[in-house]
There are 4 protein chains.
Amino acid sequence: MYDVLFRSAYITQAVNACVDDHALIQAMLDVEAALATACAQVGLVPQAAAATIGARCRAEFFDPASIGERGAEHASPVVPLVADLRAALPEEIRRYVHLGATSQDILDTATSIVMRDGLRVVLGDLDAVAEALAFLADRHATDVQIGRTLLQHAEPTTFGLVCAGWLTGVDDARQRLARIADERLAAQVGGAVGNRAAYGPHGPAIARHVAELLDLADPVLPWHTDRQRPAELAAAVALAGGALATIGRNVVLLAQTEVAEVSEGSTGGSSAMPHKRNPARAVLVVAGTHQIAPLAASVLSGMDGEGQRAAGSWQAELAPLRRIMALLGGAAANTRDLLTGLRVDTARMRATVESRPADQLESAPADEAMVAAAGTLIARALAAHERVTTALADEPREDG
Amino acid sequence: MYDVLFRSAYITQAVNACVDDHALIQAMLDVEAALATACAQVGLVPQAAAATIGARCRAEFFDPASIGERGAEHASPVVPLVADLRAALPEEIRRYVHLGATSQDILDTATSIVMRDGLRVVLGDLDAVAEALAFLADRHATDVQIGRTLLQHAEPTTFGLVCAGWLTGVDDARQRLARIADERLAAQVGGAVGNRAAYGPHGPAIARHVAELLDLADPVLPWHTDRQRPAELAAAVALAGGALATIGRNVVLLAQTEVAEVSEGSTGGSSAMPHKRNPARAVLVVAGTHQIAPLAASVLSGMDGEGQRAAGSWQAELAPLRRIMALLGGAAANTRDLLTGLRVDTARMRATVESRPADQLESAPADEAMVAAAGTLIARALAAHERVTTALADEPREDG
Amino acid sequence: MYDVLFRSAYITQAVNACVDDHALIQAMLDVEAALATACAQVGLVPQAAAATIGARCRAEFFDPASIGERGAEHASPVVPLVADLRAALPEEIRRYVHLGATSQDILDTATSIVMRDGLRVVLGDLDAVAEALAFLADRHATDVQIGRTLLQHAEPTTFGLVCAGWLTGVDDARQRLARIADERLAAQVGGAVGNRAAYGPHGPAIARHVAELLDLADPVLPWHTDRQRPAELAAAVALAGGALATIGRNVVLLAQTEVAEVSEGSTGGSSAMPHKRNPARAVLVVAGTHQIAPLAASVLSGMDGEGQRAAGSWQAELAPLRRIMALLGGAAANTRDLLTGLRVDTARMRATVESRPADQLESAPADEAMVAAAGTLIARALAAHERVTTALADEPREDG
Amino acid sequence: MYDVLFRSAYITQAVNACVDDHALIQAMLDVEAALATACAQVGLVPQAAAATIGARCRAEFFDPASIGERGAEHASPVVPLVADLRAALPEEIRRYVHLGATSQDILDTATSIVMRDGLRVVLGDLDAVAEALAFLADRHATDVQIGRTLLQHAEPTTFGLVCAGWLTGVDDARQRLARIADERLAAQVGGAVGNRAAYGPHGPAIARHVAELLDLADPVLPWHTDRQRPAELAAAVALAGGALATIGRNVVLLAQTEVAEVSEGSTGGSSAMPHKRNPARAVLVVAGTHQIAPLAASVLSGMDGEGQRAAGSWQAELAPLRRIMALLGGAAANTRDLLTGLRVDTARMRATVESRPADQLESAPADEAMVAAAGTLIARALAAHERVTTALADEPREDG
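First, a word on what this report is: a plain description of the structure on this page. (Residues numbered from 1 in each chain as written. Chains lettered and ligands numbered in written order. Predicted model: local features only at pLDDT ≥ 70, side-chain atom pairs only at ≥ 80, totals over all residues. Heavy atoms only, no water.)

### Some words on the overall build of chain A
Inference 1: When you go through chain A residue by residue, the secondary structure sums to 16 helices and 4 strands.
Inference 2: Along the first, second and third principal axes, the C-alpha set of chain A runs to 90 × 45 × 35 Å.
Inference 3: By residue count, 69% of the 400 residues in chain A fall in the buried class.
Inference 4: Considering only residue pairs separated by 6 or more positions, chain A has 79% of its internal contacts joining residues 24 or more positions apart.
Inference 5: Accessible surface for chain A amounts to roughly 11500 Å². Of this, 52% is attributable to carbon and sulfur atoms. (Helix = DSSP H or I, 4+ residues; strand = E, 2+ residues; numbered from the N terminus. Buried < 20%, exposed > 50% of the residue type's maximum accessible area, 1.4 Å probe, protein only. Contact = heavy atoms within 4.5 Å. Areas by Shrake-Rupley, 256 points an atom, 1.4 Å probe, with all protein chains shown as cover.)

### Brief notes about the interface of chain C and chain B
Inference 1: Counting residues at the interface gives 62 residues for chain C, matched by 62 residues for chain B.
Inference 2: Taken together, both faces of the contact between chain C and chain B bury some 5000 Å²; the carbon and sulfur share is 61%.
Inference 3: Across the contact surface, chain C and chain B share 4 salt bridges.
Inference 4: Put simply, glutamate 73 of chain C and arginine 281 of chain B hold a salt bridge, and the shortest N to O gap is 3.0 Å.
Inference 5: Our enumeration of links across chain C and chain B arrives at 10 residue pairs in polar contact (both at pLDDT 80 or more). (Buried area = accessible area lost by both parts, 1.4 Å probe. Salt bridge = Lys/Arg side-chain N within 4 Å of Asp/Glu carboxyl O. Polar contact = N/O pair within 3.5 Å; in protein donor to acceptor, adjacent residues only side chain to side chain.)

### Some points on unusual backbone geometry
Inference 1: Its identity is not glycine, yet leucine 151 of chain C carries a phi of approximately 65°, on the positive side.
Inference 2: Mapped onto the secondary structure, leucine 151 of chain C falls in the loop between strand S1 (144–149) and strand S2 (152–158).
Inference 3: Looking at leucine 151 of chain C, the relative accessible area reads 3%, which means it is buried.
Inference 4: Positive phi values are uncommon outside glycine, yet alanine 260 of chain D reaches one of about 55°.
Inference 5: Here alanine 260 of chain D shows up in the loop between helix H10 (228–254) and strand S3 (262–263).

### What about the nonpolar core?
Inference 1: Judged by nonpolar contacts, the single largest core of 586 residues is most densely connected at Met28 and Leu244 of chain A, Met28 of chain B, Met28 and Leu244 of chain C together with Met28 of chain D.
Inference 2: Not counting the four nearest positions on each side in its chain, leucine 244 of chain A is found in contact with Leu126, Val129, Val170, Val285, Thr289, Leu328, Ala331, Ala332 and Thr335 of chain A. (Core = buried A, V, L, I, M, F, W, Y, C linked by side-chain atoms within 4.5 Å.)

### Regarding the pairing of strand S1 (residues 144–149) of chain D
Inference 1: Within S1 of chain D, 6 of the 6 residues are buried, which leaves it mostly tucked inside the rest of the structure.
Inference 2: Counted along the chain from S1 of chain D to the antiparallel partner strand S2 (residues 152–158) of chain D, the turn is 2 residues long, and its residue leucine 150 of chain D has a positive phi close to 55°. (Pairing = 2+ DSSP bridges.)

### Considering the packing of helix H10 (residues 228–254) of chain B against helix H11 (residues 280–290) of chain B
Residue and element names in this part refer to chain B.
Inference 1: Across the interface, H10 lies against H11 with an axial gap of 8 Å and an inter-helix angle of 145°. For the crossing formed where H10 meets H11, the hand is left-handed. The residues of H11 that touch H10, namely those facing Gly241, Leu244, Ala245, Gly248, Arg249, Val251 and Val252, are Ala282, Val283, Val285, Val286 and Thr289.
Inference 2: Considered class by class, the residues forming the contact of H10 with H11 number 8 nonpolar, 3 polar and 1 charged. (Axes fitted to C-alpha atoms, helices over the stretch in contact; angles between N-to-C directions. Left-handed = near helix turned anticlockwise from the far one by under 90°. Nonpolar A, V, L, I, M, F, W, Y, C, P; charged D, E, K, R; others polar.)

### Details of helix H9 (residues 203–214) of chain C
Residue and element names in this part refer to chain C.
Inference 1: An ideal rise of 1.5 Å per residue puts 16 Å on 12 residues; H9 measures up with 17 Å between its terminal C-alpha atoms.
Inference 2: Buried within H9 are the following residues: Gly203, Ala205, Ile206, Ala207, His209, Val210, Ala211 and Leu214.
Inference 3: Against helix H3 (21–41) and helix H7 (103–139) lie the buried residues of H9.
Inference 4: Phi for aspartate 215, located one or two positions after H9, is positive at around 60°. (Expected span 1.5 Å × (residues − 1).)

### Describing the packing of aromatic side chains
Inference 1: Under the criterion given, the structure shown has 8 aromatic pairs over all chains.
Inference 2: Seen from their ring centres, phenylalanine 159 of chain A and tryptophan 166 of chain A are 6.3 Å apart, and the 90° between their planes marks the pair as edge-to-face. Of the two residues, phenylalanine 159 of chain A and tryptophan 166 of chain A, both sit in the buried class.
Inference 3: Taking the ring centre of tryptophan 314 of chain B as reference, the NZ or CZ of arginine 309 of chain B above it sits at 5.9 Å. (Phe/Tyr/Trp six-rings, centres within 6.5 Å; stacked < 30°, edge-to-face > 60°. Lys NZ or Arg CZ within 6 Å of the ring centre and 35° of its normal.)

### Re the pairing of strand S2 (residues 152–158) of chain B
All names here are of chain B.
Inference 1: Burial runs high along S2: 7 of the 7 residues are buried.
Inference 2: Relative to S2, strand S1 (residues 144–149) runs antiparallel, the two being bridged by 5 bridges. Looking at S2, one finds that arginine 148 is bridged to histidine 153.

### Thoughts on the relation of the copies chain C and chain D
Inference 1: For the pair chain C and chain D, the superposition axis carries a translation of 0.0 Å, the fit reaches an RMSD of 0.0 Å, and the rotation angle comes to 180°. Expressed as a symmetry operation, the mapping of one chain copy onto the other fits a two-fold axis.
Inference 2: When the interface residues of chain C are mapped onto chain D, 100% of them again fall at the interface, so both copies present the same face. (Least-squares fit on C-alpha atoms with pLDDT ≥ 70 in both.)

### Thoughts on the packing of helix H7 (residues 103–139) of chain D against helix H13 (residues 318–340) of chain D
Residues and elements named next belong to chain D.
Inference 1: Between H7 and H13, whose axes approach to 9 Å, the crossing angle comes to 15°. When the axes of H7 and H13 are compared, the pair comes out roughly parallel. Handedness of the H7/H13 crossing: left-handed.
Inference 2: Its residues placed into classes, the contact of H7 with H13 shows 17 nonpolar, 5 polar and 3 charged. (Parallel < 35°, antiparallel > 145°, perpendicular 65-115°, else oblique.)

### A closer look at the pattern of salt bridges
Close approach of charged atoms allows side chains of opposite charge to pair.
Inference 1: Enumeration according to the criterion identifies 105 salt bridges over all chains in this entry.
Inference 2: A salt bridge links aspartate 172 of chain C to arginine 176 of chain C, with the shortest nitrogen-to-oxygen separation between them at 3.3 Å. Linking aspartate 172 of chain C with arginine 176 of chain C, this pair stays in helix H8 (residues 159–184), spanning 4 residues, or about one helical turn.
Inference 3: Each of Asp172 and Arg176 of chain A together with Arg179, Glu183, Arg184 and Glu232 of chain B takes part in salt bridges that share partners, so that together they form one network.

### Thoughts on the relation of the copies chain C and chain B
Inference 1: Rotating chain C by 180° and moving it 0.0 Å along the rotation axis overlays it on chain B with an RMSD of 0.0 Å.
Inference 2: An overlap of 100% is found between the interface residues of chain C and their copies at the interface of chain B, pointing to a shared contact surface.

### With respect to the interface of chain C and chain D
Size of an interface: often given as the accessible area lost when the parts come together.
Inference 1: Opposite the 73 residues of chain C that make contact, chain D presents 73 residues.
Inference 2: Counting each side, the surface lost to burial between chain C and chain D is near 5800 Å², with a carbon and sulfur contribution of 62%.
Inference 3: Arginine 249 of chain D is the salt-bridge partner of aspartate 304 of chain C, the closest N and O atoms lying 2.7 Å from each other.
Inference 4: Connecting chain C to chain D are 30 residue pairs in polar contact (both at pLDDT 80 or more).
Inference 5: Elements with a minimum of two residues in the side of chain C that touches chain D: S1, S2, H8, helix H10 (228–254), helix H12 (292–300) and helix H16 (367–394) of chain C.
Inference 6: When residues in the side of chain C that touches chain D are grouped by element, the largest group, 13 residues, is from H10 of chain C.
Inference 7: Residues of the side of chain C that touches chain D, tallied by class, amount to 38 nonpolar, 20 polar and 15 charged.

### Topic: helix H4 (residues 47–56) of chain B
Residue and element names in this part refer to chain B.
Inference 1: Taken residue by residue, H4 has Ala49, Ala50 and Ile53 as its buried positions. Seen along its axis, H4 keeps its buried residues to an arc of 100°; they face one direction. Relative to its buried face, H4 has exposed residues pointing more than 90 degrees away, namely Gln47, Ala48 and Ala51.
Inference 2: As for H4, its buried residues are in contact with helix H3 (21–41). (Arc of directions from axis to C-beta.)

### So, the environment of alanine 164 of chain C
All names here are of chain C.
Inference 1: Among the secondary structure elements, alanine 164 is positioned in helix H8.
Inference 2: Looking at alanine 164, the relative accessible area reads 0%, which means it is buried.
Inference 3: Spatially, the C-alpha atom of alanine 164 lies 15 Å from that of alanine 128, the residues being 36 residues apart in sequence.

### A closer look at the environment of isoleucine 25 of chain D
Inference 1: Mapped onto the elements, isoleucine 25 of chain D comes out in helix H3 (residues 21–41).
Inference 2: Here isoleucine 25 of chain D falls in the buried class, since its relative accessible area comes to 1%.
Inference 3: Separated by 297 residues in sequence, isoleucine 25 of chain D and arginine 322 of chain D place their C-alpha atoms 13 Å apart.
Inference 4: With near-sequence residues (within four places) excluded, isoleucine 25 of chain D lies in contact with Leu5 of chain A together with Ala59, Pro64 and Leu81 of chain D.

### Here we look at the environment of threonine 157 of chain D
Inference 1: Along the chain, threonine 157 of chain D turns up in strand S2.
Inference 2: In this structure the C-alpha to C-alpha distance between threonine 157 of chain D and valine 82 of chain D, which are 75 residues apart in sequence, comes to 61 Å.
Inference 3: There is a polar contact of 3.3 Å between the side chain of threonine 157 of chain D and the side chain of asparagine 195 of chain C.

Structure (structure tokens):
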């Protein structure tokens, strides 16, 4: 998705491997293989033919550059992919490849696969982010920090509660993404115009089999004309990006020279000023997540496709989807690294709180009461976090 | 939200009344009243004082223009609203107004109220849209229509299935919006920096009481720094807008002079060409929904607020939120009117299908099998629709 | 555009009066009047008829609510407006109203008028912003301030140069907006499908006359299908918004309690903490400008209209255009007030510079050399500012 | 920018070569070389040292993957690039590398270079698009076609005028892009905090030399804090994308089976329906351009950077800029191919016009007069096109 110059900064190898060309081609082939198997399960394709097709469905047998070049002629890479798959098979088996399917079936289902795989990796990093925040929330539960509103000193709070707030946000994002991975990323089995006409009475069974084989949801209807699934995914990625951006931006602010309440454990130097210690990871989190919402809007603004397959807006979904998944993955990894290495200067935090002007000290609640109130909230956040983590762990995501 | 020149075209009076200035002021006052009551429930405020405060919390006692003008000085209308409320109360009661709260508590909770009320109205119109689509899906279950991909004739389908596809999309949007109205629109009770310090041990109880009194969700933590709630709402509105935009755009396309498979029951003339019959409502649906996704992106891209209250991005949420709710409401009403008056020329649809070139007739599945396959899908969609409608009806939305 | 609760915060009365319903109706009537006059100039309409039409073209004679309601039926307010205008005229004159025109001609040209008028007001406020910045750049030309990169202390600069940078940005925006007001806001005279067929050989002359009468540009072709004019305007408004947002955000940052290098002259209190002094105007600038880019994107993403008049995307342009002009106007006024009342603590700035660690002092250039270098740049900026101001003043904008 | 699977569909090799990693690294090295030369011109660097540095500034000597990996630590690839460049040079020369510069100087100026180079390629393809449209406008000047408003038949026009409208739009885009390439893509020479302190009195001369050596504009001030230059570029790319999207979408609509007034000369088949002829290039144009406006919005919404270098939004500019340049280049090439191979069925166009209902024939102007009026406009468009082409050819872009 990115050339190498910025890949290390904004994405991770693990998530890139889920959404790159190789992964997408393999996913398309997985769909073709699953379709052949599903058709065999209902008797439309000989079992042996399905097995032969499946054995050939390995990305390394195909040339991405050639498929890409010929795919441009069709505004779809599926046409040449199917042609190459058929060409590599015995004559009598070729007609069982791509049976009753259309390009959009393959590409939509493959997109669900790569997004689901990408989400699993991202969720792993978000788990680590949440753990780091839970640790910080607990560790700093009684460490006072001045609260800032409109970036002005307001009343004291605790750094533990600040972290608990970030934790609750990340947990919210984790639940939403996990739900989408489980319920919303669906197989698409519709055929040329979405009515599964070629499968006769076997349509529902084939669709169900395909979904089961690929560990995807089986939707009520083919969703070729209803783009809420990819758009909801895009929105959920943007929401998660917002949760991470909040952490990144606030670390930048707390790391300001004048504030210096936190710093990154390992930061890079500057090309001009060797003495500087920049909040490099936090900046990468802000920079990476900044790009997500507009890309999500690109998907959200292209849902009104024409007829039974859109003439442009559908084709425009895939690139932003792959991109935002990569960006979210990179931001999650950077946030994890940022938090696990974060240096917190609690003495400085306390000194700032204690140096408040007298008139502020009077008007504010006693700090002990505040710490107790904040502690109650932290406990709620940590308990909720436990529930989220347990619920997500119980889900058969990995082996589903 | 709109001046009158375009109000009739793009929003409805019913939804406008939920989100306009009067409604927002009343909602802020409802929050102040609920807070006083909640504080009385835990003993921080005398019951009589809470009752006196509540009796004064009526929008008609306040001057929006004056509040607006003074509010600009504070970047918040809550400061003058609270001042005016206090000024209208006996001296000894004033200190019980806005107890332990901050501007953001009031405005965030009030936003939840007006959005929830707006959603209820919109959901009513979306119910009608879904019913109209269910009727059309059933009525035209066996009416063949040519499927179009990339706007080229592909294979036949049925108009009933096309409508079933739109129905499934709208049902999806209804469920998502209803879930958000019930679970995500939450009370905000955080105090100056989100730790509820002023309430001592009573924080959780007060927050719960406020939420119950206002029929809003009681969140794990104050969400002043976690903007996923408003952003998720914005995204859900955009997703619903996409479901409606799909209907609007496709009615425009099917109403083209050359296609003429559907037409609007009552359409307006043109200022230049009296003979024209324009798909006016469908155009309004497209035009109204086109504006939603960018406004949702405005909220999605401002989640990374600074410290314990953002210095700009938080303040920028409310206008787009009110706007998109109004736009969605108008689009839902226009879609409802469009569908209930839709004229469907099934003879013309059939003629187009039957005039296919011979080579296409050969390669396509028999139309009877197609109608049966499509019918299976329509039945699935209608059954799912029933489940959605039942589930939504069971929810105590109206009486909280 | 806004209801009253936030109008004072985000827009000004002066710019609102340029783009509100009354202004838009008057602008549409001005177009009808100009068209009648132009047709009279080429002999297609009797001079007396044109005069009678013109005399009737006053917004106060029309009922916006009624026009709005009936306009919804046509997805255009022009149809009822023309009907009402004709109905108010003698029978024999009615056919000379709206001669050869189409709704889009009237609405596009009226949009050019209200945007041009709005721009003139906004440019006036931007002139004041630029003057305030030029004053600050000059006044603080030798006042050292620490430069901050990634919000870390870097090397010293001068506050004068910081202001000069903001000035150059605002001057850039002023030039762009003035150019658009003069060259890009054009009359639209195309007729039903954009070929001016109804005017026979008089088309070019009528179009030129209309443009001259309304002080708008006369384009090469009708631009009904080429939406770069409104989209470029939207982009220019967003660019200007960015220039102001930079000022607003940096004032917020420099006003942080820990930094405290600047403060707003008059700021509002907080509802929870009376002691706080919030950078209210700067926050309003950030919050107002934050909403502009997404609304501009709404226009930029709807340029690909269908045929000779778009079925939705064209209709979706006007609301965001009016909105962003109002938002830019409000941001310009707020920035002007912010800057003219800005308190600058040069002693604190200097103290921060002088308290740099020894290793930084060594590696940095001598401050005197820096001040001289910065002074050279300030002088360039001020000279360029003079040129811009002179050039803009020379333009016959007001009396066009 | 894209992996290979979709590269052929959405971008061209020529534009990709301008903006890919290799090009960006070479551009950064070109900036370092130019800086050394400029410093030598004012005597700050020995001529021989500058020559030695320049000779080493070749991208093939550097390892993009290694630079990328180490760059992530600094949120900037410039730090390791400079380190590697220095390491490859004799000890005594190293201090002359990157003299007085900061990372942002190098990356901003390099971005100007790659964008300028990309624009030149894109402008070449847009020239060809414009020529193709001029040819079509002239050839079909008298070929009548029904005009369509809201996709309903309105009054007749000519296909030549439709093409002239597209031509005027593309010419507008060409002028804007060319102006930006010449005037707005600027060198950035600011040093650590933008005051050129390290260069003493030589700052202006060095900046001018760097700009001249790299054929870029020399701005009034360093623009590190004023992001209107990249944002205006992004907006101009989006505007040009809109001009192309209009062509793509309308070809799709005119190629509809029911309309069939145009078709693509060579189109691909479908994986499900071999008989179909899809408007594949037009779909690619729509799909590619759809992604541009949101990416441009990403840049437009990140202009309000913090202090003397932004902590995230600046870093977020480059990826969308590279992407939209590639997308625009691909759309321009696809549009060129689409238009040069376009098949126009003028007989069918005429038959549609002549089959209008009698009442429409009466109310419409005579077709001969319409053709004459349209011809006048076509002539204007072609004359303006000549002027644009001459003006662009006169500019010393290539050898600047």
